[in-house]
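# Chain and residue survey
Next come the chains, spelled out residue by residue.
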Amino acid sequence: MSEFLTIGEPIALFGSEEVDKSLKDACHFQKFLAGAEVNVAVGVSRLGHSSEYITQVGKDPFGEFIIDRLHENQIGTDYISETADFWTAFQLKDRVSQGDPSIFYFRKGSAAAHFEQAVLDKIDFSEVKMAHLSGIFPAISAEAQKAFRYLISLLEKNQIPTTFDPNLRPQLWASQEEMVATINDLASHAKIVLPGINEGEILMGSRDPEAIADFYLNNGEATQTVIVKLGTEGAYVKQKDGTSFTVPGFKVPEVVDTVGAGDGFAVGLITALIEEKNLKEAVVRANAIGAMAVQSPGDNDGYPTPEELGEFLQKQEVEA
């Protein structure tokens, strides 16, 4: 039994150690645990909350690596199935001195893409306070999307509040039209929707934070809050009752790797809400962990412990 749960595809990530070398030319890599939803589970657990991760991995070295890393991070694996019929996904990521790194996936037909929704009937929702969903898992296969929608129905039945991050991965969809229609439909079931400003432009045609927020607030009755991630500028928040505000971001001395920042944002928001902080406090924490994330090379290596988070926030106050 856990306070938090999520579903996704965990990935063995090989991150290049050679700055500004293409994946074709890079020879030295470091292995990490990756995957947007598993990043969130890692961050939630690191901040002291019980966390459960739902997926399927292959009976192979990558699957074993992933389960070991989940155990090391004290993430529950009761709802992880293993299969000898399909392999665990992995990916390559280059290291860049500026901008976003390039990523190449090896995930088509993976174990998670063949996830069987019967696993979901075993879930104990009795102590779950929040669930996090993203647009990646329903993109990897028809089976995954069917299971994802079934999980949404179970969360709704058990009145579990959900956050939804679009996490657009165009390369996983048959077309942009299908991606946009499906992501927006899935977002309509979430209590809190977390689009980035670039995602807003793709999904509803505007980069205006308020227009993006209004679109998702009107997209479904379930959605009560939209938080538009603005990158280094912070986040814009708008609620169903019309209340809105902007929370500025944190400046960092060096950006090592931007991947994982959005997941770190979700970590901060979710853990603060589980702890019954108010929404503004939750978004401040979200911005803080997003800023901490970009200073480490792994997707989730920069996520803090409670002590590290406290030190970061205290230092920011002193420097302000």
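Residue numbers here run from 1 along each chain, matching the order of that chain's written sequence. Totals for whole chains, interfaces and linings use every residue, but because this is a predicted model, local features are given only for residues with pLDDT of at least 70 and side-chain atom pairs only at 80 or more, for both listing and counting. Here the side-chain values reflect all heavy atoms present in the structure, with hydrogen atoms and water set aside.

An unreviewed UniProt entry annotates the chain as Sugar kinase originating from Candidatus Enterococcus murrayae.

Per the convention used, a helix needs a DSSP run of H or I reaching at least four residues, while a strand needs a run of E reaching at least two, with both numbered from the N terminus. Helices and strands together make up the secondary structure of the chain, namely nine helices and 14 strands. Compactness check: the chain gives a C-alpha radius of gyration of 18 Å against a globular reference of 20 Å for 320 residues, within 12% of the reference. Along the longest, intermediate and shortest principal axes, the C-alpha atoms of the chain span 50 × 45 × 40 Å. Buried means the residue's accessible area, taken with a 1.4 Å probe over protein chains only, is under 20% of the maximum for its type, while exposed means over 50%, and partly exposed covers the values in between. Here the chain holds 320 residues, and the buried ones make up 56% of them. Within the chain, residue pairs in contact and separated by at least 24 positions form 69% of the contacts whose partners lie at least 6 positions apart. Note on areas: Shrake-Rupley, 1.4 Å probe, and residue coverage restricted to the protein chains presented here. Surface accessibility of the chain: about 14100 Å² in total, with carbon and sulfur atoms responsible for 48%. Charge separation in the chain, taken as the distance between the mean sites of 26 positive and 48 negative side-chain charges, equals 1 Å. The quantity called the radius of gyration is restricted to C-alpha atoms. Its globule counterpart is 2.2 Å times the number of residues to the power 0.38. Residues count as neighbours in contact if any of their non-hydrogen atoms are within 4.5 Å of one another. When charges are counted, neither His nor the chain ends are considered; positive counts come from Lys and Arg and negative counts from Asp and Glu. Charged groups are reduced to one reference atom each: NZ for lysine, CZ for arginine, CG for aspartic acid, CD for glutamic acid.

Counting buried residues along strand 4 (residues 51–58), eight of its eight residues qualify, which places the element largely inside the surrounding structure. What makes two strands pair is DSSP finding at least two bridges between them. Alignment of strand 1 (residues 4–7) against strand 4, held across four bridges, turns out to be parallel. Across the sheet, T6 pairs through a bridge with Y53, a residue of strand 4. The sheet contact formed by strand 4 and strand 5 (residues 75–76) spans two bridges and is parallel. For S51, the partnering residue across the bridge sits in strand 5 and is I75. In this fold, strand 4 hands off to helix 2 (residues 61–72), which returns the chain to strand 5; that crossover is right-handed. Call a crossover right-handed when, viewed with both strands pointing away from you, the route from the first strand across the helix to the second goes clockwise.

Locating V237 in the fold gives a position in strand 13 (residues 235–239). V237 sits in the buried class, given a relative accessible area of 0%. With 69 residues separating them along the chain, V237 and P306 place their C-alpha atoms 25 Å apart. If sequence neighbours within four positions are ignored, V237 has contacts with T225, V226, I227, T243, S244, F245, L279 and V283.

Now for the sheet that holds strand 3 (residues 29–34). Strand order in the open sheet formed by four strands is 3-2-7-8, with mixed pairing between adjacent strands. Each edge of the open sheet is held by one strand with a lone partner, namely strand 3 and strand 8 (103–106). Averaged over neighbouring strand pairs, the angle between their axes works out to 25 degrees when direction is ignored. Bridging between strand 2 (residues 11–19) and strand 7 (residues 90–95) involves five bridges; their strand directions are parallel. Of the residues in strand 7, the one forming a bridge with F14 is L92. Orientation is described by axes fitted as lines to C-alpha atoms, over the contacting stretch for helices, and by angles from 0 to 180 degrees between their N-to-C directions. This element, helix 2, spans strand 2, strand 3 and strand 7 of the sheet and lies at about 65 degrees to strand 3.

Attention now moves to the pattern of salt bridges. Salt-bridge detection follows one rule: a side-chain nitrogen of Lys or Arg within 4 Å of a carboxyl oxygen of Asp or Glu. Scanning the entire structure with this criterion turns up 11 salt bridges. The shortest N-O distance in the salt bridge between D185 and R149 comes to 2.8 Å. In this pair, D185 sits in helix 4 (residues 176–187) while R149 sits in helix 3 (residues 142–157), placing the two residues 36 residues apart along the sequence. For D185, a relative accessible area of 33% corresponds to the partly exposed category. Several salt bridges converge on common partners, so that one network encompasses E210, D214 and K238.

Cavity and pocket criteria rest on a 1 Å grid covering protein atoms alone: a 1.4 Å probe that fits but cannot get out defines a cavity, protein on both sides within 12 Å along at least 5 of 7 lines defines an open pocket, and an atom within 4 Å of a point defines a lining residue. Grid points are joined across faces, edges and corners, and a volume is the space filled by probe spheres set on the points. Within this structure, the stated rule accounts for one cavity of 30 Å³ or more. Of the voids in this model, the largest cavity is the one considered here, and its volume is about 30 Å³. Around the largest cavity, the lining residues are S2, L5, E52, Y79, I123, D124 and V128. Throughout, the ten residues Ala, Val, Leu, Ile, Met, Phe, Trp, Tyr, Cys and Pro are labelled nonpolar, Asp, Glu, Lys and Arg are labelled charged, and all others, Gly among them, are labelled polar. Counted by class, the lining of the largest cavity contains four nonpolar, one polar and two charged residues.

Turning our attention to the environment of G242. Considering the arrangement of structural elements, one finds G242 in the loop between strand 13 and strand 14 (244–247). In this structure, the C-alpha to C-alpha distance between G242 and T225, residues 17 residues apart in sequence, is 9.7 Å.

What follows concerns the nonpolar core. Residues belong to a common nonpolar core when they are buried Ala, Val, Leu, Ile, Met, Phe, Trp, Tyr or Cys residues joined through side-chain atoms within 4.5 Å. With 48 residues, the main nonpolar core has I7, I54, L120 and L151 as its most contacted residues. Secondary structure elements with two or more residues in this core: strand 1, strand 9 (130–134), helix 3, helix 4, helix 5 (197–204), helix 6 (209–217) and strand 12 (225–229). Counting residues per element, this core draws most heavily on helix 3, at seven residues. Residues within four places of L151 in sequence aside, it is in contact with I7, I54, L120, I123, F125 and L133. The next biggest cluster of nonpolar side chains, apart from the first, holds 44 residues, and it includes A12, Y53, I192 and I289.

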